[in-house]
Amino acid sequence: MTRDEAKNKIIFALDVDNLKDIDCWAEKLSRKVGMFKVGKELFTSAGPAAVEAVKKHAGEVFLDLKYHDIPNTVAQAMLAAGRLGVKLANLHALGGPEMMEKASQAVRKEFSESERPRLLAVTILTSSTQDTLKAVGIEHPVEEMVVRLAKLAKESGMDGVVASPLEIEAIRAACGPDFLIVTPGVRPSFAAVDDQKRIMTPAEAVKAGADYLVIGRPIAKAADPIQAAELIVDEIVAGVQ
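Conventions adopted
Residues numbered from 1 in each chain as written. Predicted model: local features only at pLDDT ≥ 70, side-chain atom pairs only at ≥ 80, totals over all residues. Heavy atoms only, no water. Pairing = 2+ DSSP bridges. Helix = DSSP H or I, 4+ residues; strand = E, 2+ residues; numbered from the N terminus. Axes fitted to C-alpha atoms, helices over the stretch in contact; angles between N-to-C directions. Core = buried A, V, L, I, M, F, W, Y, C linked by side-chain atoms within 4.5 Å. Buried < 20%, exposed > 50% of the residue type's maximum accessible area, 1.4 Å probe, protein only. Contact = heavy atoms within 4.5 Å. Phe/Tyr/Trp six-rings, centres within 6.5 Å; stacked < 30°, edge-to-face > 60°. Lys NZ or Arg CZ within 6 Å of the ring centre and 35° of its normal.

**Details of the sheet that holds strand S4 (residues 88–92)**
- Strand order in the closed barrel formed by 8 strands is S1-S2-S3-S4-S5-S6-S7-S8, and the pairing between neighbours is parallel. Within this sheet the neighbouring strands show an average axis-to-axis angle of 25 degrees, counted without direction.
- Where strand S6 (residues 160–162) lies against strand S7 (residues 180–183), 3 bridges are found, and the strand directions are parallel. From the neighbouring strand, Val162 faces S7, where its bridge partner is Val182.

This is how it looks when you write it as structure tokens:
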């Protein structure tokens, strides 16, 4: 794997709440990572301008808003995301097949295949454990639920899923090689675990079959964020050869 290929797998999580910080990070990392994640905090604070701020620096955007609502509302939200020009957008697989199907159909109807955002379904959050699931009435094991939701997402027209790196191989076996897998819960060897429960190193996740790795604090909190991003690229390249 080349360094460019490894770099393009990294999605930097913009865990900030204002446009000035976006400019700072996008300018600093636009040539060091493949994409930037705009999540709930940032989008609630800055709105669509957050996406435009990243694009101003020639950055691609993963709009991580995890839509979960009635089918028509989610379909319209996905269309709005597509009109912003984002590369990836997501919803919660637990919203069910009708919600996912309507979103997929709406996006494919309005946009060409080359221009539309790739649609992802969130399976089980990486902060969740078996106890977390039991507390909300889900008795199935985490991996079983993740694979079940991934298969449902594929059948419902999603392009891929967001899932813990520990479930990558099971998802690949169930959904095939072309199904996108985006993995948070990735921590390079030099970084702290923080609040993630089901984690892997970047090299382990890529070797297992991840298409994209969402990484925030290991880069943002590093003494030298640019060097941290380059070290992650080094880890990926060394680990998959």
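**Some words on the nonpolar core**
- Of all hydrophobic cores here, the largest spans 71 residues; its most connected members are Leu14, Leu63, Tyr67, Leu91, Ile171 and Ile219.
- Once you skip the residues sitting within four places of it in the chain, Leu63 turns out to touch Val38, Phe43, Val51, Ala81, Leu84, Val86, Leu88, Ala89 and Asn90.
- Ala13, Leu120, Val122 and Val162 belong to the second-largest nonpolar core, a separate cluster that totals 12 residues.

**Topic: the side chain of Arg172**
- Its place among the elements puts Arg172 in helix H9 (residues 168–175).
- Arg172 sits in the buried class, given a relative accessible area of 18%.
- Once residues within four sequence positions are removed from consideration, Arg172 is found in contact with Pro177, Phe179, Ile181, Gly209 and Asp211.

**Examining unusual backbone geometry**
- Of note, Ala58 is a non-glycine position whose phi angle comes to about 65 degrees, a positive value.
- Mapped onto the elements of the fold, Ala58 is located in the loop between helix H4 (49–56) and strand S3 (61–67).
- For Ala58, a relative accessible area of 71% puts it in the exposed group.
- One non-glycine residue, Lys66, lies in the positive phi region at around 50 degrees.

**Quick look at the packing of aromatic side chains**
- If you walk through the whole model with that rule in mind, you get 2 aromatic pairs.
- With centroids separated by 5.1 Å and ring planes inclined at 45 degrees, the aromatic side chains of Phe12 and Trp25 adopt a geometry described as tilted. In this pair, Phe12 sits in strand S1 (residues 10–13) while Trp25 sits in helix H2 (residues 19–29), placing the two residues 13 residues apart along the sequence.
- With a relative accessible area of 1%, Phe12 lands in the buried category.
- For the pair Phe12 and Phe36, a centre-to-centre distance of 6.3 Å together with 90 degrees between the ring planes defines the contact as edge-to-face. Of the two residues, Phe12 sits in strand S1 while Phe36 sits in strand S2 (residues 35–38), which places them 24 residues apart along the sequence.
- In this structure Phe36 comes out as buried when scored by relative accessible area, which is 1%.
- Feature note: the residues Phe12, Trp25 and Phe36 constitute an aromatic cluster, connected by ring pairs.
- Note that Lys28 overlies the ring of Trp25, its terminal NZ or CZ placed 5.0 Å from the centroid.

**Some details on the environment of Gly95**
- Along the chain, the position of Gly95 falls in the loop between S4 and helix H6 (97–110).
- Among the residues examined, Gly95 registers a relative accessible area of 26% and is labelled partly exposed.
- With 67 residues separating them along the chain, Gly95 and Val162 place their C-alpha atoms 14 Å apart.

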